[in-house]
Amino acid sequence: MFLRVSREIEQVKRQGHRVSTHFFNLLFFRKSNSFSQVGIIVGRRFGIAVRRNRAKRIFRELVRETHNDLAPGYALLIFPKRDAIVEPFQDLKTAWIGSLRKQRLLTSKPL
RNA sequence: UGAGGAGGCUGGGUGAUCGCUCGAUACCUUCGGUAUCGGGAGGAAAGUCCGGACUCCAAGGGCAGGGCGCUGGGUAACGCCCAGGCGGAGCAAUCCGACACCAGCACCACAGAAAACAAACCGCCGAUGGCCAACGCGACGGGAUCCCAUCUGGUCGCCGCGGCUCAGGUAAGGGUGAAAUGGCGGGGUAAGAGCCCACCGCAGGGAUGGUGACAUCACUGGCACGGUAAGCGUCGCCCGGUGCAAGGCCAAAUAGGAAGACACGUGCGGACUCGAAAGGGGCUGCACAACGGCUGGCCCGGCCGGGGUCUUCGGGUAGGUCGCUUGAGGCUCGGGGUAACUCGGGUCCCAGAGAAAUGGUCACCUAUGCAAAGGGCAUAAUGCUCUUGCAGGACAGAAUCCGGCUUAUAGGCUUCCUUGCUCG
RNA sequence: CGGGGCGUAGCGCAGCCCGGUAGCGUACUCGCUUGGGGUGCGAGUGGUCGUGGGUUCAAAUCCCGCCGCCCCGA
């Protein structure tokens, strides 16, 4: 479910396709795996430890609620932006699903 | 009731649901998975500024380096805490203080006469010595007038009011500065000055009180000794380094090496010789407690050493695992101590992640804030209270563990103290 | 977990060790030079010395606490 190996993350960062929204940047890359994996990257410059943890928790929850509907075979990287941690969760979820659907990363089953 | 000071506690709550992690138990086929039950961030977890525990390293001696700095106590230890002394601020409660030493070196800009060892720019004095010298006294000769007397001016001598400020005295006053060689008053003097005296300050030894820092008292000395050590430095005390990525165990892939035993001198230099070179061979000189490397500041000290033969198979990276949370531990009762703290009894187990868990959503309650409408109460302004709606929790996230410090923090609760006003 | 460095004018840097006047280059403005521009020459403007305290008569400089940035080791 989550992408943890450093070499694969570097590969996505180099070769992935980039999508930007107000709340996050998204990189995705087609692999040969049978199911998709997601990595969440929050650097030191994002803020203090409380804000970094909050960003990771929010996006981890988003992935947990939607990963059953992800199209198989992709590796995704999420770079949260600072506006995301003050936004209501439902708005973030709408933006997240919208971005995924626009890039055809979801299966056809509607939410 | 207004203003102020010193502390202590707390740091939103409840429920439902979907998830994460650890432990125990049960089941499933071992890695592991599932179910049930239980635990799951802070007062600062932060900054990483000190002190320790623990770990490994010849951890030994010396130098260098670093830290601390009023006294007594507490503590495992501390740069922390408590109590006290002294100095400063405040009417006070109270607060603040790197608060040892100026012997040596160095520095003290500008201004000022002079900035550290004594001097004197303006000024004051000029008593004493020097120069000038009024009045007066005496002598000499001249004139009014021929003589005496008298008057008048002249020269010399004595006295010396007064003047010069030359020698010299002085540091009272002026002005500069952050700082100028005790302060203020009186006497004194030519003018002045601890020159003399009283009080205050300072220094010295003494007595008394106190464990001590220190305080008080009287005596003696007429005052010498500027400031800066958060400048170099001196004195006293303390500090070995390393940091859980410490360190132990298991152990892929890849690469070949490592350990032990045996006998043989080794290091540096010189020319010769084989060789295209790299390198090798013997000869010879010197040294050997030598030489080279490691020991992560330096020296001593300590450890290791080149090639050959034989024997053995281990070392270590990724990764895993232990260290990993029971501890200078929390709560409570009693005793000691002014207090910090400590002693004894009872009781409890209270996070252990690892690209790094402790979260998401919904509902209700609540401290508080805002808005409008209405009701009630008291009123000089105005305030209090009830209902409704909206917003809605500050700073901040463990990473080996403790004791402190520092910094951030919306608010709420509470104890004690000082001072002003009003009423009784 | 530990060690080191930096912060000064719009920009790049001196000055700090050993305290007293903040300076250099460039940029900007003005003048001269040119028919005009560039170059050159001369003059000038511009700095809470990261921040809060302390020591000192006096702090960019010495000491302490914070803030930000960068680098290194295990």
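What comes next concerns the included structure. Since this is a predicted model, take the numbers as computed values, not measurements.

**Comments concerning the side chain of threonine 21**
Thought 1: Following the sequence through the fold, threonine 21 ends up in the loop between strand E1 (17-20) and strand E2 (24-30).
Thought 2: You can call threonine 21 buried: its relative accessible area is 18%.
Thought 3: Once residues lying within four places of it in the same chain are set aside, the contact partners of threonine 21 are Lys81 and Ser99.

**Observations concerning unusual backbone geometry**
With the exception of glycine, most residues fall at negative phi, and the peptide bonds are largely trans.
Thought 1: Despite not being glycine, arginine 104 has its phi angle at roughly 55°, a positive value.
Thought 2: Structurally, arginine 104 is set in the segment after helix H3 (89-102).
Thought 3: Judged by its relative accessible area of 69%, arginine 104 is exposed.

Conventions used here
- Sequence order as written defines the numbering, with residues in each chain counted from 1.
- Naming scheme: in the order in which they are written, chains are lettered from A and ligands are numbered from 1.
- Under the rules for a predicted model, residues below a pLDDT of 70 receive no local features and side-chain atom pairs below 80 are neither given nor counted, while totals for whole chains, interfaces and linings still include all residues.
- The basis for the side-chain values is all heavy atoms of the structure; hydrogens and waters are excluded.
- Each helix is a run of H or I in the DSSP string that is no shorter than four residues. Each strand is a run of E no shorter than two, and both are numbered from the N terminus.
- Relative accessibility decides the category of a residue: with a 1.4 Å probe and only protein chains considered, values under 20% of the type maximum give buried, values over 50% give exposed, and everything between is partly exposed.
- Working rule for contacts: check all heavy atoms of both residues, and any pair within 4.5 Å makes them a contact.

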